[in-house]
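Coordinate analysis (summary)
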Amino acid sequence: MQTEKEDEDDASCEEYVARSDFTGSGTDQLSFSRGDRLLVHAKPSSEWWWAELQGVIGYVPAGYLSQDAAGEEEEDPSIEDPWQDEEYFGNYGTLRLHLEMLSDKSRTEAYRQVILRNSASLSSKRVMDLGCGTGIISLFCAQLARPSMVYAVEASSMAEYTRQLVKQNGCDEVVTVLQGRAEEIELPEQVDVLVSEWMGNCLLFEFMVESVLLARDRWLRDGGTMWPSSAALTLVPCQADSYYAEKMAFWERPYGLDFTPLQPLAQQEFFTKPKFSHIIDPCDCLAAPCDVISLDMYTLQVGDLEQMKGQFHFCVEKSAVFHGFTAWFTVCFKSLEAGGATVELNTGPNSGPTHWKQTLFMLDRPVSVCAGDSISGTIVLQRNPVWRRHMTVTLHWTIKGSTDNPDNAQAGTKSFPMWR
Ligand SMILES: N=C(N)NC/C=C/[C@H]1O[C@@H](n2cnc3c(N)ncnc32)[C@H](O)[C@@H]1O
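Attention here is on the structure that accompanies the text. Along each chain, residues carry numbers from 1 onward, in the same order as the chain's sequence is written. Reporting of local features is limited, given that this is a predicted model, to residues whose pLDDT is at least 70; pairs of side-chain atoms are given and counted only at 80 or more, and all residues count toward the totals for whole chains, interfaces and linings. Derived side-chain values reflect all non-hydrogen atoms in the structure, with water molecules and hydrogen atoms excluded from consideration.

A word on the pattern of salt bridges. Here, a salt bridge means any Lys or Arg side-chain nitrogen found within 4 Å of an Asp or Glu carboxyl oxygen. Evaluated as defined, the whole model comprises 17 salt bridges. Across the pair Asp85 and Arg181 runs a salt bridge, and its minimum N-O distance is 2.4 Å. You can see Asp85 sitting in helix H2 (residues 85–91) and its partner Arg181 sitting in the loop between strand S8 (175–179) and strand S9 (191–196), a full 96 residues away along the chain. Between buried and exposed lies partly exposed: a residue is buried under 20% and exposed over 50% of the maximum accessible area for its type, with that area taken using a 1.4 Å probe on protein chains only. A relative accessible area of 13% means that Asp85 is categorised as buried. Judged by relative accessible area, which is 18%, Arg181 ranks as buried. Measuring nitrogen to oxygen at the nearest pair gives 2.8 Å for the salt bridge that ties Arg389 to Asp85. Of this pair, Arg389 sits in the loop between strand S18 (374–383) and strand S19 (391–400) while Asp85 is found in helix H2, placing the two residues 304 residues apart along the sequence. Linked by salt bridges that have partners in common, Asp85, Arg181, Glu183 and Arg389 make up one network. Numbering goes from the N terminus for both helices and strands, where a helix is a DSSP run of H or I of at least four residues and a strand is a run of E of at least two.

Strands qualify as paired when DSSP identifies two bridges or more between them. Here three bridges tie strand S2 (residues 37–42) to strand S3 (residues 48–53), and the two strands are oriented antiparallel to one another. Bridge pairing in S3 links Leu39 to Glu52. If you look at the hairpin formed by S2 and S3, you'll find five residues sitting between the two strands. Judged from the six bridges that link them, S3 and strand S4 (residues 56–61) form a sheet pairing that is antiparallel. Across the sheet, Trp50 pairs through a bridge with Tyr59, a residue of S4. In sequence, S3 turns back onto S4 through a hairpin of two residues, with Gln54 there showing a positive phi of about 45 degrees.

Read across the open sheet, the five strands follow the order S4-S3-S2-S1-S5; overall the sheet is antiparallel. In this open sheet, the two strands that pair with only one neighbour each are S4 and strand S5 (65–66). In this sheet, S2 lies alongside strand S1 (residues 14–18) in antiparallel orientation, the contact comprising four bridges. When the sheet's bridge partners are listed, Glu14 is paired in S2 with Val40.

The subject of this paragraph is empty space enclosed by the protein. Detection works on a 1 Å grid of protein atoms alone, calling trapped sets that fit a 1.4 Å probe cavities and calling open sets with protein on both sides within 12 Å along at least five of seven lines pockets, with lining residues defined by an atom within 4 Å of a point. Grid points are joined across faces, edges and corners, and a volume is the space filled by probe spheres set on the points. For the coordinates displayed, the defined rule picks out two cavities of 30 Å³ or more. A volume near 40 Å³ is recorded for the largest cavity. Residue lining of the largest cavity: Asn201, Cys202, Ala327, Trp328, Phe329, Thr347, Trp356, Lys357, Gln358 and Thr359, and that is the complete set. Of all elements in the fold, only strand S15 (320–333) and strand S17 (358–369) reach the threshold of two or more residues within the lining of the largest cavity. In terms of residue count, S15 provides more of the lining of the largest cavity than any other element does, three residues in total. The residue classification treats Ala, Val, Leu, Ile, Met, Phe, Trp, Tyr, Cys and Pro as nonpolar and Asp, Glu, Lys and Arg as charged. All others, Gly included, are polar. Of the residues assigned to the lining of the largest cavity, the class counts are five nonpolar, four polar and one charged. Approximately 30 Å³ is the volume attributed to the second largest cavity. Lining the second largest cavity are Arg107, Thr108, Tyr111, Ile136, Ile137, Phe140 and Glu197. For the lining of the second largest cavity, the elements supplying multiple residues, two or more each, are helix H4 (105–117) and helix H5 (136–144).

What follows is the structure in structure tokens.
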């Protein structure tokens, strides 16, 4: 028999259904699986609610929950595969993306340098190459070092060709190709080194990093090495005159006509999403770039990926038009030898070009800034609760003049879906 208080409590509780798995991080977040029915006790914020599942209480991301009207589990047919694996691995079953990655000398040479500089220490080591693609990293291991075994794991149909490449290059004694998702395959043993080239645009897009963390927890021995060992997302305020002219100013006087009524459409169409494969010229940077998010691949947890937050404070170095922010990433590979040299792969404007290039986030309206002004704020990478390879990047910024009094500060915020 429920007491009046319990009735009252239940009355204030609402039942929700989880639309996707969620792995909580920290003690106060509640983990759950898709289809779980949670009792929401309170909604302290629009993002995080206080909920209960089988007697356990904790914070849950509100975006993961839906209140299906009829009460039975209505599966949204459009969300048949939140990881879009069919399309994702389908793409990697063709050569286009592998050719792009292999043609990227900065990227591929960086991994080759890691193997070369650690070749002595790699002797008799067991290596897992997660998402090996055509197997280039595994072939470097067999060609430049003497590991005892390399498990080259590849989920797409490319794996059968990778097996041929391994045999064609006389590496089949050392390299074993396993076709399947890293989360599902079984290795005969733990490994000493987990190497993977998992970085997506803005570092995290595609969220292949989740697969790397799950494999780390399952197959990397204690004290084993993660390659990359760390990663950092870098941000800088920038001018983007040519992009702005091409997409927005163009409508001012095409062929002597006034097409400015189309500019709101242009803003919506060209500036709502980030511009992948932007190439920023170092002189477009309005301030010294700064690392806004840093990942330690030994301690990072899957739950941490739901929301990554960073802060920035830029001192504007030259008077210019502030069109937006540009982001890129750097990964580091620590040496297998204590004190050995770290190899770095930097995808920024002062390093060799890579296939990632940089990512440009255009403001809705450019702002003129002067040397000495400050641009400070936060960046939030919010993982999409349903489409698990996607995220939204939200920037909050405040521009303060060096001379103006503080209440002349200009604040702004904008969210950029990548891509849903
Ligand atoms: N975006 C960048 N940089 N690299 C993407 C690299 C992706 C490669 O790794 C494979 N891959 C991705 N995730 C997994 C997984 N969980 N298990 C096995 N293979 C996987 C893809 O099929 C591509 O061949």
